[in-house]
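Structural characterization, general
Okay, here's what each chain looks like letter by letter:
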Amino acid sequence: MSPFKRRSTDTPNSALMDANTLLRTVIDENPNIILMKDWDGKFLLGNRALAKLYGTTPDQLVGKDDGAFNPNAEQVAFYLQNVREVMSQDQTQVVFEESTDASTGETLYYQSIKIPLTSPEGKKQILVIANDVSELKRVQLQLEESERRLNYVLDATGEGVWDWNIATGIVTHNRRWCQITGLNDDYLEHPLDEFAALLHTDDRARVMARLEACLAGKGRYQSEHRMRLKDRDVWVLDRGDVVERDADGRALRMVGSFVDISERKAAEVVLSEHSAQLDAIFALSPDGFVAFDTDRLVKYVSPAFTALTGLSPASVIGLDELAFSQRLAELCPPESRFQGIGALR
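The sections below set out a description of the structure shown in this document. Starting afresh in each chain, residues are numbered from 1 along the sequence in its written order. The model is predicted, so local features are restricted to residues of pLDDT at least 70 and side-chain atom pairs to those at 80 or more, both for listing and for counting; the totals for chains, interfaces and linings are taken over all residues. The side-chain quantities take in all heavy atoms of the structure and omit both hydrogens and water.

1. Side note on helix H8 (residues 204-215)
Every helix listed is a DSSP run of H or I at least four residues long, and every strand listed is a run of E at least two residues long, numbered separately from the N terminus. Each helix should span, by expectation, one fewer than its residue count multiplied by 1.5 Å. Over its twelve residues, H8 extends 17 Å from the first C-alpha to the last, a length consistent with the 16 Å expected when each residue adds 1.5 Å. Remark: exposure states derive from per-residue accessible area (1.4 Å probe, protein chains only) relative to the maximum for the residue type, with buried under 20%, exposed over 50%, and partly exposed in between. Where H8 is concerned, the buried positions are Val207, Leu211, Cys214 and Leu215. Relative to the axis of H8, the buried residues are bounded by an arc of 105 degrees and lie together on one face. In this description, contact between two residues means that some pair of their heavy atoms is separated by no more than 4.5 Å. Each element contacted by the buried residues of H8 is listed here: strand E6 (160-165), helix H7 (192-198), strand E9 (221-228), strand E10 (233-245) and strand E11 (251-260). Directions are taken from the helix axis to each C-beta atom, and the arc is the one they span.

2. Examining the packing of aromatic side chains
Aromatic rings from Phe, Tyr and Trp, taking only the six-membered ring of Trp, are treated as a pair when their centres fall within 6.5 Å; an angle between ring planes under 30 degrees marks them as stacked, one over 60 as edge-to-face, and anything in between as tilted. Applying the stated criterion across every chain yields a total of six aromatic pairs. With a centroid separation of 6.3 Å and an interplanar angle of 70 degrees, the aromatic rings of Trp162 and Tyr221 are classed as edge-to-face. Of this pair, Trp162 sits in strand E6 while Tyr221 sits in strand E9; the two residues are 59 residues apart in sequence, bridging distant segments of the chain. Accessibility assignment for this pair places Trp162 and Tyr221 in one class, buried. With centroids separated by 5.3 Å and ring planes inclined at 40 degrees, the aromatic side chains of Trp177 and Phe258 adopt a geometry described as tilted. One end of the pair, Trp177, is in helix H6 (residues 175-180); the other, Phe258, is in strand E11, with 81 residues separating them in the sequence. Classification of Trp177 by relative accessible area gives buried; the value is 1%. Judged by its relative accessible area of 0%, Phe258 falls in the buried class. Think of it as a cone above the ring: NZ of Lys or CZ of Arg counts as a charge over the ring if it is within 6 Å of the ring centre and within 35 degrees of the ring normal. When the ring centre of Trp235 is taken as origin, the NZ or CZ atom of Lys265, which lies over that ring, is 4.5 Å away.

3. A closer look at the nonpolar core
Inside soluble globular proteins, nonpolar side chains tend to come together where they are buried. The nonpolar core is taken to be a set of buried Ala, Val, Leu, Ile, Met, Phe, Trp, Tyr and Cys residues, with the residues joined through side-chain atoms within 4.5 Å. Core analysis: the biggest nonpolar cluster contains 26 residues, and Trp162, Trp164, Trp177, Phe195, Met227 and Met254 have the highest contact counts within it. Among the elements of the structure, E6, H6, H7, H8, E9, E10 and E11 are those that each provide at least two residues to this core. The element that contributes the greatest number of residues to this core is H8, accounting for four residues. If we skip the residues at most four places from it in the chain, Trp177 touches Gly160, Val161, Trp162, Leu183, Tyr187, His190, Phe195, Leu198, Met227 and Phe258. Residues Leu35, Leu53, Val86 and Ala130 belong to the second largest nonpolar core, which totals 18 residues.

4. Regarding unusual backbone geometry
Glycine aside, the phi torsion of most residues is negative, and most peptide linkages are trans. Its identity is not glycine, yet Asp90 carries a phi of approximately 55 degrees, on the positive side. By the secondary structure assignment, Asp90 is in the loop between helix H4 (73-89) and strand E3 (93-100). The exposure class of Asp90 is exposed, given its relative accessible area of 55%. Positive phi is not limited to glycine here, since Arg296 has a value of about 60 degrees. By the element assignment, Arg296 lies in the loop between strand E12 (290-292) and strand E13 (298-301).

5. Some details on the sheet that holds E9
For two strands to pair, DSSP has to find at least two bridges joining them. With antiparallel pairing, six strands are arranged side by side in an open sheet as E8-E7-E6-E11-E10-E9. On the outer flanks of this sheet lie strand E8 (189-191) and E9, each paired with one strand and no other. Between one strand axis and the next, the sheet turns through 25 degrees on average, direction left out of account. Looking at chain direction, E9 and E10 are connected through eight bridges and run antiparallel. The partner of Glu224 across the bridge, within E10, is Leu237. Convention adopted: a line fitted to C-alpha atoms gives each axis, helices being fitted over their contacting stretch, and angles between N-to-C directions are expressed from 0 to 180 degrees. Its contacts with the sheet put H8 on E6, E9, E10 and E11, and the angle it makes with E9 is roughly 150 degrees.

6. Some details on the sheet that holds strand E4 (residues 107-118)
Ordered in space as E2-E1-E5-E4-E3, the five strands form an open sheet in which the pairing is antiparallel. Each edge of the open sheet carries a strand with a single partner, namely strand E2 (43-46) and E3. Across the sheet, the mean angle from the axis of one strand to that of its neighbour is 25 degrees, orientation sign disregarded. Strand contacts of H4: strand E1 (33-38), E3, E4 and strand E5 (124-132), with the helix running at about 165 degrees to E3, the strand carrying the most contacts.

7. Comments concerning H4
Compared with the 24 Å implied by 1.5 Å per residue over 17 residues, the 25 Å span of H4 between its first and last C-alpha is a close match. Residues of H4 that are buried include every one of Gln75, Val76, Tyr79, Asn82, Val83, Val86 and Met87, and no others. Considered in projection along H4, the buried side chains sweep an arc of 135 degrees and stay on one side of the axis. Facing away from the buried side of H4 by over 90 degrees, the exposed positions are Ala73 and Glu74. Next to the buried residues of H4 lie E1, helix H2 (48-54), E3, E4 and E5. Here a polar contact is taken to be a pair of N or O atoms separated by no more than 3.5 Å, where protein atoms must pair a possible hydrogen donor with a possible acceptor and residues adjacent in sequence count only if both atoms sit in side chains. With a side-chain oxygen lying 3.1 Å from the backbone nitrogen of Glu74, the N-terminal cap of H4 falls on Asn72. Looking one or two residues beyond H4, the residue adopting positive phi is Asp90, at roughly 55 degrees.

8. Things to note about the pairing of E11
Bridge count for E6 against E11 is six bridges, and the pairing is antiparallel. If you follow Val161 over to E11, its bridge partner there is Ser257. In textbook terms, the turn of a hairpin is the stretch between consecutive antiparallel strands, and for E10 and E11 this stretch comprises five residues, one of which, Gly249, has a positive phi near 90 degrees.

Written out as structure tokens, the structure reads:
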């Protein structure tokens, strides 16, 4: 039984008026924009939400088009074109569109359901119900801006980025990762096994073991290793960590960065060869030799120096003159007066 009972004194006309009033109230109190238009884009009906957006009243909307209230000509032209397309296709559509607040000039975003109708006279009409999604759109734009800034930083630093969905086994990369490894954009997403296949055979077991240790919660992942390209090997510094785990602590997602260190590795080889040459030369001399770089930091000590002082190269290389002098002074007997290496110049 209907909760609305007709009074015995009600006439059919008064009941119809009550129904229309109730319907109008429902439409006006709805927070979504509700409107009807004809083929020319003129309003047949508009609720309070639309009237508020356009700085007018529902009654003043009727018979006018969007151009009477919206100063954005581009938006107005889109509305007319779009509603005519929906009416012509005679199929309900969901459209994402913008509108300008007449009082503030702010751009608002809507998800609109557009339903084509036909009047009793056979004229094409349309019903539009628009849900304000401006807040969601603003969040989306903020995320896109954050992503752009991140990409600028990554481009400046030359780092590739990877994102491993451990549940699916799929790894996703940015384009820089593919550039470093000499792969095309078809490789932006692939199974982890394909990454493992690119690892140098001498490095593969070590790299995979470090990944497994990170998944097990034993610290962050970091590895310097070689990737096998078609025509050469490339050295990379690969770093990452687990960023999502389930309630039982199982790793769900891991992200990281990846940078080409081939030039650094090549320089290390040259430096190692140079040091070996110096060692061979100075090994013939009983005197200890120390070399400093342009910043006056120790960059080389000869084997004789290590034999005489007991100081290994690793313990002194990188020390400045003062720290190096102090290290030597610690080796001198208390009664001696070592004045530092500056006095030896």
